[in-house]
Amino acid sequence: MKRREFLARSGALVVSFALPRATAQEGGGAGSSNLPGSLAKAPALDAWIRVGANGSITVFTGKAELGQGIKTALLQIAAEELDVAFAALTIVTADTARTANEGYTAGSNSLKDSGVAIRNAAAQVRALLVAQAAKRLGAGADSLHTADGAVVSGDGKRIPYAELVDGLDLHVEAAPMSTFKDPKQYRVVSRPVARVDIPAKVSGGAAYVQDLRLPGMVHARVVRPPSYGATLAAVDEAGAAPFGAKVVRDGSFLAVVAPREWSAIKAMRALERSARWDERARLPDIAHLADAVLGLPAEDMVVEDHHAAAPGSARTLEATFTRHYQVHGSIGPSCAVAWMKDDGLTIWSHTQGVYPDRQAIAEMLGLPPARIRMIHAEGSGCYGHNGADDAAADAALIATRLPGTPVRVQWMREQEHAWEPFGPAMVTKVRAALDGSGRIVDWDYGVWSNSHSTRPGPAGSLLAAQHGAKAFAPPRQKVSKSADGLGDRNSVPLYSIPNLHVVHHFLPDMPVRVSALRSLGAYMNVFSIESFMDELAAAAGADPVEFRLSHLEDARGRDVVQAAARRFGWPRGGSAPAGHGYGFAFARYKNHAAYCAVAVEVAWDAERSRARVLRAAAAVDSGQVVNPDGLRNQLEGAILQSASWTLFEKVSFDRQRIRSTDWSTYPILRFDGVPEKVEIEILDRPGAPYLGSGECGQGPAAAAIANAVARASGKRLRDIPFRG
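Just so it is clear, the structure is predicted and the values come from calculations on it, not from any experiment.

Colleague: Pulling in residues and values, what's your account of the sheet that holds strand S15 (residues 315-323)?
Modeller: Judged by pairing direction, the sheet is mixed, and its six strands sit side by side in the order S14-S22-S21-S20-S15-S27 without closing on themselves. In this open sheet, the two edge strands, each paired with only one partner strand, are strand S14 (299-306) and strand S27 (719-720). With nine bridges joining them, S15 and strand S20 (residues 426-434) adopt antiparallel strand pairing. Paired with Arg315 across the bridge in S20 is Leu434. Sheet strands touched by helix H11 (residues 521-540): S15, S20, strand S21 (440-449) and S27. Its angle to S15, the strand with the most contacts, is close to 150°.

Colleague: Would you mind going over the side chain of Glu535 in detail, with residue names and values included?
Modeller: Counting through the fold element by element, Glu535 comes out in helix H11. If near-sequence neighbours (up to four positions away) are discounted, Glu535 is found in contact with Leu317, Ala319, Phe321, Arg716 and Arg718.

Colleague: I'd love a proper account of the pattern of salt bridges, names of residues and values included.
Modeller: Under the definition given, this model contains 39 salt bridges. The closest approach of N and O atoms between Glu261 and Arg221, which form a salt bridge, is 2.8 Å. With Glu261 in helix H5 (residues 261-274) and Arg221 in strand S9 (residues 218-223), this pair connects stretches of sequence that are 40 residues apart. Assessed through its relative accessible area of 2%, Arg221 is described here as buried. Arg685 serves as the salt-bridge partner of Asp621, at 3.0 Å between the closest nitrogen and oxygen. In this pair, Asp621 is assigned in strand S25 (residues 610-621) and Arg685 in the loop between strand S26 (677-682) and helix H15 (698-713), connecting sequence segments 64 residues apart. Overall, Asp621 belongs to the buried group, its relative accessible area being 0%. Each of Lys71, Arg195, Asp197, Lys201 and Glu378 takes part in salt bridges that share partners, so that together they form one network.

Colleague: So what's going on with the packing of H11 against H15? Which residues, and what values?
Modeller: At a minimum axis separation of 7 Å, H11 and H15 run at an interaxial angle of 35°. Along this stretch, H11 crosses H15, giving a crossing that reads as right-handed. The segment H11 lies against H15, with Ala522, Tyr523, Val526, Phe527, Glu530, Ser531 and Asp534 engaging Gln698, Gly699, Pro700, Ala702, Ala703, Ala706, Asn707 and Arg711. Per-class residue counts for the contact of H11 with H15 are eight nonpolar, four polar and three charged.

Colleague: Requested: an account of the nonpolar core, with residues and values cited.
Modeller: One finds Ile440, Trp443, Phe532, Leu536, Phe584 and Val600 to be the most contacted residues of the largest nonpolar core, which totals 83 residues. Sequence-distant contacts of Trp443, that is, excluding residues within four places in its chain, are made with Val430, Arg431, Ala432, Pro493, Ile497, Asn499, Leu500, His501, Ile529, Phe532, Met533 and Leu536.

Colleague: Explain helix H8 (residues 388-401) residue by residue, including any values.
Modeller: Over its 14 residues, H8 extends 21 Å from the first C-alpha to the last, a length consistent with the 20 Å expected when each residue adds 1.5 Å. Looking only at H8, the buried set comprises Ala388, Asp389, Asp390, Ala391, Ala392, Ala393, Asp394, Ala395, Ala396, Leu397, Ile398 and Ala399.

Colleague: Before we move on, could you go through H5 and cite the residues and values that matter?
Modeller: For H5, which comprises 14 residues, the first-to-last C-alpha distance of 20 Å matches the rise-based estimate of 20 Å (1.5 Å per residue) to within 8%. Of all the positions in H5, only Ser263, Ala264, Ile265, Ala267, Met268, Ala270 and Leu271 are classed as buried. Among the structural elements, S9, strand S11 (246-250), strand S12 (253-258) and helix H9 (413-419) are those in contact with the buried residues of H5.

Colleague: I'd like a description of the environment of Lys112, backed by residues and values.
Modeller: Mapped onto the fold, Lys112 is located in helix H2 (residues 110-137). We classify Lys112 as partly exposed; its relative accessible area is 35%. Measuring from C-alpha to C-alpha, the distance between Lys112 and Gly37 comes to 6.2 Å, with 75 residues separating the pair along the chain. Excluding residues within four positions of it along the chain, Lys112 makes contact with Gly37 and Tyr690. Of note is the side chain of Lys112, whose polar atom sits 3.3 Å from the side chain of Asp113.

Colleague: Before we move on, could you go through unusual backbone geometry and cite the residues and values that matter?
Modeller: Among all residues save glycine, negative phi is the norm, and among peptide bonds the norm is trans. Residue Ile720 is joined to Pro721 through a cis peptide bond whose omega torsion reads 0°. If you trace the backbone, Pro721 turns up in the segment after S27. A positive phi angle is found at Ser519, which is not glycine, with a value near 80°. Classification of Ser519 as buried rests on a relative accessible area of 0%. Located in the positive-phi region is Ser609, a residue other than glycine, with phi close to 50°. Within the secondary structure, Ser609 sits in the loop between strand S24 (595-605) and S25.

The rules we used
- Residues numbered from 1 in each chain as written.
- Predicted model: local features only at pLDDT ≥ 70, side-chain atom pairs only at ≥ 80, totals over all residues.
- Heavy atoms only, no water.
- Pairing = 2+ DSSP bridges.
- Helix = DSSP H or I, 4+ residues; strand = E, 2+ residues; numbered from the N terminus.
- Contact = heavy atoms within 4.5 Å.
- Axes fitted to C-alpha atoms, helices over the stretch in contact; angles between N-to-C directions.
- Salt bridge = Lys/Arg side-chain N within 4 Å of Asp/Glu carboxyl O.
- Buried < 20%, exposed > 50% of the residue type's maximum accessible area, 1.4 Å probe, protein only.
- Left-handed = near helix turned anticlockwise from the far one by under 90°.
- Nonpolar A, V, L, I, M, F, W, Y, C, P; charged D, E, K, R; others polar.
- Core = buried A, V, L, I, M, F, W, Y, C linked by side-chain atoms within 4.5 Å.
- Expected span 1.5 Å × (residues − 1).
- Polar contact = N/O pair within 3.5 Å; in protein donor to acceptor, adjacent residues only side chain to side chain.

In structure tokens, the structure reads:
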């Protein structure tokens, strides 16, 4: 394909960007579908690794740094297979002009997709460099090795990679198989490496899209409707004039633009006061939310159904669990910058999918996607589909009205809380039977849930498109079955149960705006399954850990359960001091990603009916570990986030409006509620495939807390959050 150049100007700085010669849109060549990871989406080696004549080495990924440390991990993988120092590499993350289309950064798939692609590409680039050196030296490739960015011969002669790339074309299709380094020789992978994204964040540097400043940039604020479906009847646009602000209106989309940010905020507030909206009550009765969820029309999908011999005499237990709507709770509200110029529209956004968001914005604006460049810039907190994509659409729409001027859109706190897509409310029902020996012989499980992914792709997924004069309807969601699952994620227990029936009751009608929140349905399903496993253990008179092990045949799963129990110091029976409780839970994320087991100790305040997590211990098997410190960060964060969800978080609303619009009306875990100790034991599997770990801990942590509370209080809490 013809190489295209893109210019990005920032003051006097001019940077030239070259689009990789093989991108995801072009598709791969023959056999590319057999390539591992995301190589199938961009099969040319130089789409992932480039070696410059000056010795510079650049790694490219279509995945985004969301605070999960993926930049660092991918650099470690590339450094290891290329045999270069970690510090010698730079990385370019999701950018529609420079990187492959890897879809969304979601589902704990970054290492499985991009990590695998980069590992293979790096290994094959290293092999090409060795072959080039062999030609120059007239030696056999087997007699050469690589070290510190050079090919080295048996007699010690070194040829740096920079000298070898002259005349070497890395624009070749990747092979399906690669020759990797022996994990026993690793010097970078499996070692703790300081994250490259942290220094600017802790020093007050320019770390986030919120920090981006371009020459001549103006500030915009959007006046959101007061409720879902509200339409703008009238507004006094003159109210913005005293603040030097320009009004942008497109149907019910209303925004102000001013040279200074504070002026934009004051103009926004003035328009909010003068705007009149046509509203109607359309939200469910929050006092009977579970009934409202169960009353929605459902499309049923059987997730799992297998039967052995019919159980004989058995004791049956059943329970219902509920989860309220929950927000992402990003500490920094969403932000985006857009710049419309003659050569097209450039958008900086903390979206999780630069290509899908570009597609949606292009449809909204009626522009060819090729005229839009979307660049990922980090946002301060992202746990799924929050307001990032919408802020990007806001900025893009406003920028088209101000060609030549960079436009920065910053959401307000109440807008983030009220308008971001929430994690769906859910209901689960489980019934199981125990035989005379205390084994589970029958299991029936149902989960009721809206979609867990209304991400961009279609324009109707964006607020700006929904509110514009040419309104795009939100796309209707359909039930679908995949290996990862959505609302049904982790709805099938990993345990050995002879008779098993699992149904996903998918609810296409969404009374509240919902989409992906970290771990999707796995959080609720694991909470339900693992809470019920404790109830079954109690009915069988068994220790909760031993009960799980007696039903678990997966050897790696057993290792994780035993490691977590050992690290916690689990006493048989889970007995704890008075007023305290011990809880345990286990799952394998998506039943094919990382294994995780969590044990917690809670203290129960009977007077206030409140629990506090005192300590936690977890074990994780995520296959080959790249950065153990990063993995610990992920698990520690998962436990804290899950504790906050489980103990505190729920969206409040009346029949017309969302009412939890700040941190007082939507409380989260505070610093005085952080456990005194969180220990993580990592079971490394050198040479094994990478298993996604960023979302494996939320479900087990929730169930472990619930099980600990049940022992401490004598009450089984089945409704998330545990506060009223």
